[in-house]
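What follows is the residue order along each chain.
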Amino acid sequence: MSLGGGAGIQADLRTFAFHCVHGTSAITCITAQNTLGVTRVDAMAPDAVVAQIQAVVEDIGVDAAKTGMLLNQGIIAAVAEQVGLLQAKNQMRNLVVDPVMVSRTGVQLIDGDAVKTLCHDLIPKAALVTPNRYEAQILTGLEINSLDGMKSAAEIIYRDFNIAVLIKGGGMEGDLRGIDIWFDGEKLEILTTKLVDTKNTHGTGCTLSSAIAANLAQGENLFTSVQKAKNYVTTALKYSLNIGAGQGPVGHFYPLLEEAVGSGSIKNNPQFSMPNF
Ligand SMILES: Nc1ncnc2c1ncn2[C@@H]1O[C@H](COP(=O)(O)OP(=O)(O)OP(=O)(O)O)[C@@H](O)[C@H]1O
Ligand SMILES: Cc1ncc(COP(=O)(O)O)c(N)n1
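Computed from a prediction, not measured in an experiment: that's the story for all the values here.

The rules behind each value
The written sequence of each chain sets the order in which its residues are numbered from 1. Both sets of labels track the order of writing: A upward for chains, 1 upward for ligands. Only residues with pLDDT of at least 70 are given local features in this predicted model, and only at 80 or more are side-chain atom pairs given and counted; all residues enter the totals for whole chains, interfaces and linings. Excluding hydrogens and water, the side-chain values take into account all heavy atoms of the structure. Secondary structure elements are taken from DSSP: a helix is a run of H or I of four residues or more, a strand is a run of E of two residues or more, and numbering for both begins at the N terminus. Buried means the residue's accessible area, taken with a 1.4 Å probe over protein chains only, is under 20% of the maximum for its type, while exposed means over 50%, and partly exposed covers the values in between. Contact criterion: two residues are considered in contact whenever any of their non-hydrogen atoms come within 4.5 Å of each other. Aromatic pairs are defined between Phe, Tyr and Trp rings, using the six-membered ring for Trp, whenever the two ring centres lie within 6.5 Å; interplanar angles under 30 degrees are classed as stacked, those over 60 as edge-to-face, and all others as tilted. Residues belong to one nonpolar core when they are buried, are Ala, Val, Leu, Ile, Met, Phe, Trp, Tyr or Cys, and are joined through side-chain atoms within 4.5 Å.

**Student:** Residues and numbers for the side chain of Thr 234, please.
**Tutor:** With respect to the helices, strands and loops of the structure, Thr 234 is situated in helix α8 (residues 222-238). Relative accessible area serves as the criterion here: at 10%, Thr 234 is assigned to the buried category. Apart from residues no more than four positions distant in its own chain, Thr 234 is found in contact with Thr 193, Lys 194 and Val 196.

**Student:** Could you give an account of the packing of aromatic side chains, naming the residues involved and the relevant values?
**Tutor:** Going through the model one piece at a time under the given rule, you end up with seven aromatic pairs. Ring centres of Phe 18 and Tyr 254 lie 5.5 Å apart, and the angle between their planes is 40°; on these two criteria the pair is classed as tilted. On the criterion of sequence distance, the pair formed by Phe 18 in helix α1 (residues 8-18) and Tyr 254 in helix α9 (residues 254-262) is long-range, its members being 236 residues apart. Summarising the aromatic geometry, the rings of Tyr 232 and Tyr 254 are spaced 5.9 Å apart at their centres and angled 40° between planes, so their arrangement reads as tilted. Here Tyr 232 is found in helix α8, whereas its partner Tyr 254 is found in helix α9, with 22 residues between them in sequence.

**Student:** Report on the nonpolar core, specifying residues and quantitative values.
**Tutor:** Burial of nonpolar side chains together is a common tendency in soluble globular proteins. Among the nonpolar cores identified, the biggest contains 46 residues, and Val 79, Leu 122, Ile 123, Ile 157 and Ile 167 are the most heavily contacted of them. Secondary structure elements with two or more residues in this core: α2 (46-59), α3 (73-88), β4 (95-97), α4 (112-122), α5 (133-140), α6 (147-161), β6 (164-167) and β7 (179-183). It is α3 that contributes the most residues to this core, six residues altogether. Apart from the residues lying within four places of it in its own chain, the contact partners of Ile 123 are Val 97, Leu 118, Val 129, Leu 139, Phe 161 and Ile 163. With 29 residues, the next largest nonpolar core counts Leu 208, Ala 214, Leu 216 and Leu 241 among its residues.

So this is what it looks like as structure tokens:
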């Protein structure tokens with residue numbers, strides 16, 4: 001959960017709402033966070049996370065799920081155990097693991113034991129894992145500096161975990177920032193969108209993985225879910241918000257923003273970095 005509102009569960013729930021699916025959540029930690037970074041993180045007790053998952057599953061049900069910042073080994077192990085139990089009862093389908101381990105700026109957010117548990121207990125239970133550049137480096141041991149490096153990492157992650165992988169290029173240099181690599185053991189695809197020239201990229205990773213989960217919940221296949229989610233993030237980036245002194249958040253509800261611009265109600269508002277401004 002990100003109290004700056006740009007990433008984490010706030011970004012996830014906005015994305016779910018945009019896609020017309022009912023989003024639920026299990027809070028794993030509270031971050032004191034703004035567009036400049038994270039200044040404090042308080043973790044929930046693992047059994048409190050489990051209780052939240054059970055409350056949702058037992059009453060509402062889950063068509064698709066995504067994980068985000070799972071701060072420590074105890075939380076990861078508890079979530080992985082729940083996922084395993086629920087999968088055995090066919091109550092947890094379409095799991096997307098966004099392996100939040102390193103920020104786009106390269107700062108490691110979870111310790112080595114937590115990484116091991118994530119790799120051993122949780123990622124293998126997912127349908128898809130969506131590492132950024134630095135997370136892919138941790139998962140593979142490679143240094144990733146090029147498109148070929150991203151492709152090799154995707155192949156290694158598929159080989160090691162036997163699940164589909166999407167390597168996100170936002171942390172790469174130059175035009176590679178708009179490029180993601182998909183590999184599912186059969187098809188290696190380079191998903192390309194034109195680079196959006198903005199510093200306001202806060203929440204892109206959360207938004208992408210929750211859009212994929214939303215598309216899966218609506219019955220799309222995995223690859224189509226990824227393609228549609230990538231297009232969504234690209235457009236949300238074009239309408240990102242120029243708020244705060246650092247990286248502002250993406251504009252999840254861009255059609256409403258567009259409408260507001262059309263009606264003149266937010267014309268020339270400098271908070272919005274809109275294409276038509
Ligand atoms: N400037 C950009 N232009 C176009 N697409 C971008 C840009 N920056 C990021 N993306 C896309 O956003 C999605 C998220 O990728 P990114 O690598 O930023 O994830 P992340 O590091 O998990 O996110 P975050 O920076 O929010 O932690 C990917 O589809 C990536 O290609
Ligand atoms: C609580 C929380 N979860 C995840 C992220 C990563 O955000 P993203 O990769 O989408 O920028 C974040 N900054 N805060």
